[in-house]
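Reading the structure
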Amino acid sequence: MKNKLIALLLTTVVAAGTVLTGCSGQNKETTSKDAKEITITNVSYDPTREFYAAYDELFQKHWQKEKGQTVKVTASHGGSGSQARSVIEGNEADVVTLALAHDITAIQDAGLIEDGWMDEFDKDSSPYTSTIVFLVRKGNDKDIHDWNDLIKSGVDVITPNPKTSGGACWNFLAAWAYAKEQFDGDEAQIKKFMKKLYQNVLVLDSGARGATSTFVEKGQGDVLIAWENEAYLSMEEYPDDYEIVTPSISILAQPSVAVVDSVAKKRGTEEVAKEYLNYLYSDDAQRLAGENYYRPSNEKILKEFSNQFNLDMNLVTIDDFGGWDQAFKDYFDDGAVFDQIYSE
């Protein structure tokens, strides 16, 4: 992962420079449907770097074949919450591909995305899914098998900050679901469990990729609470150094995508931006997602990866928490449960 990450970070730096220097809008030649070349910007979250690097090449071939036009895709990656705020504050994205629907709703609330974005694409505009697993060092010396092992004395946990990272929100809710079952819904006991868990957190990075780097590259911590795809990428890069542990309860993580309507209209990129997201549901893109360790939303293609993914995991969903608006109100807004347990 280290070599891939360095190359992708360099690409992201160049792309970010393009966004900063050219975000005032494309000229008429660029935005014209008859132009030979058009550029769009995808503002995404941390762990999608490898997937979108591959997908952009696939989409460019598709668009060239369908429209006879060259499309260039610039990319920006970071913690999902931070990325959403950057778009709200002026980072001109034609599309956003973020870790959770709530971050896109925040952009909608800022007036940049039209109502009904979740119904614009299939599966609630979630073309691929993931879940939360543990990544431990080879041999699993700390004997970590489930969430309760993460609160043991002497276990150093790595997980990102739910105030800035969408993946961290999924992590928190998966742990909460486990504690809720263990303590039969006793909120005082659940909060006590969560407090112990976060007391064991050694580093609270701003994003999921930063947390992976802390665990894998810097060698800190005994266990990483990770996106499933991040864990697999680490295993691919260092097959002799890590193991994946599947907890007894996790969560169906549904990253979301949307066209940033105000930007796409201004830049004349509406057609290509919409197709960029729509093509994520094509068979070729779905298989590419699986090859990059995301779970395809196409159930038939997902089954093709049954040897790779544990399709029998016990997964709660965001609906079990009343949806994202309610989950943020209860757990992640200023003064909500996470602040209470982390600051006490």
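Coordinates for the structure precede this section.
Quick summary incoming for the structure in this document. None of the values given here were measured: they were computed from a predicted structure.

Thresholds, definitions, all that
- Residues numbered from 1 in each chain as written.
- Predicted model: local features only at pLDDT ≥ 70, side-chain atom pairs only at ≥ 80, totals over all residues.
- Heavy atoms only, no water.
- Helix = DSSP H or I, 4+ residues; strand = E, 2+ residues; numbered from the N terminus.
- Buried < 20%, exposed > 50% of the residue type's maximum accessible area, 1.4 Å probe, protein only.
- Contact = heavy atoms within 4.5 Å.
- Areas by Shrake-Rupley, 256 points an atom, 1.4 Å probe, with all protein chains shown as cover.
- Core = buried A, V, L, I, M, F, W, Y, C linked by side-chain atoms within 4.5 Å.
- Salt bridge = Lys/Arg side-chain N within 4 Å of Asp/Glu carboxyl O.
- Pairing = 2+ DSSP bridges.
- Axes fitted to C-alpha atoms, helices over the stretch in contact; angles between N-to-C directions.

Describing the overall build of the protein chain
A tally of regular secondary structure across the protein chain gives 16 helices and 13 strands. The buried share among the 344 residues of the protein chain stands at 56%. Taking all contacts inside the protein chain whose residues are at least 6 apart in sequence as the whole, residues at least 24 apart take part in 75%. Summed over all atoms, the accessible surface of the protein chain reaches about 14700 Å², with 46% contributed by carbon and sulfur.

Considering the nonpolar core
Core analysis: the biggest nonpolar cluster contains 86 residues, and Tyr55, Val96, Trp147, Phe172, Met194, Phe321 and Trp324 have the highest contact counts within it. In terms of residue count, the dominant contributor to this core is helix H7 (residues 166-182) (ten residues). In this structure, Ala211, Leu224, Ala226 and Tyr242 belong to the second largest nonpolar core, which totals ten residues.

Looking at the pattern of salt bridges
Taken as a whole, this structure holds 15 salt bridges when the rule is applied. Here Asp222 makes a salt bridge to Lys142, at a shortest N to O gap of 3.0 Å. Pair noted here: Asp222 is in the loop between helix H9 (208-217) and strand S8 (223-227) and Lys142 is in the loop between strand S5 (132-137) and strand S6 (157-158), with a separation of 80 residues, a long-range link. Arg287 is paired through a salt bridge with Glu304; the nearest N and O atoms lie 2.9 Å apart. Of the two residues, Arg287 is situated in helix H13 (residues 283-291) and Glu304 in the loop between helix H14 (299-303) and strand S13 (315-316); the sequence distance between them amounts to 17 residues. The exposure class of Glu304 is partly exposed, given its relative accessible area of 43%.

Here's the deal with helix H10 (residues 228-237)
The element H10 is extensively covered by neighbouring structure, given that seven of its ten residues are classed as buried. Every buried residue belonging to H10 is among Glu228, Asn229, Glu230, Ala231, Tyr232, Leu233 and Ser234, and all of these are buried. Buried-residue contacts for H10 involve helix H3 (49-67), S5, H9, S8, strand S9 (242-245) and strand S12 (295-296).

Quick notes on the sheet that holds strand S2 (residues 70-78)
The strand order S2-S1-S3-S11 describes an open sheet built from four strands, whose pairing is mixed. At either end of the open sheet lies a strand with only one pairing partner, and these are S2 and strand S11 (256-259). When the angles between neighbouring strand axes are averaged without regard to direction, this sheet yields 20°. Where H3 meets the sheet, its contacts fall on strand S1 (37-45), S2, strand S3 (95-98) and S11, and the angle it forms with S2 comes to roughly 165°.

Considering unusual backbone geometry
What you tend to see is this: most non-glycine residues have negative phi, and most peptide bonds are trans. A positive phi angle, close to 55°, is found at Lys123, a residue other than glycine. Assessed through its relative accessible area of 40%, Lys123 is described here as partly exposed. Phi at Asp124 is positive, roughly 60°, even though this residue is not glycine. With respect to the helices, strands and loops of the structure, Asp124 is situated in helix H6 (residues 122-125). Judged by its relative accessible area of 44%, Asp124 falls in the partly exposed class.

Topic: the pairing of S1
Judged by how many residues are buried, S1 sits mostly within the fold: eight of nine residues are covered. Pairing analysis gives nine bridges linking S1 to S2, with the strands arranged parallel. Across the sheet, residue Asn42 finds its bridge partner in S2, namely Ala75. Relative to S3, S1 runs parallel, the two sharing three bridges. Looking across to S3, one finds that Ser44 is bridged to Thr97.

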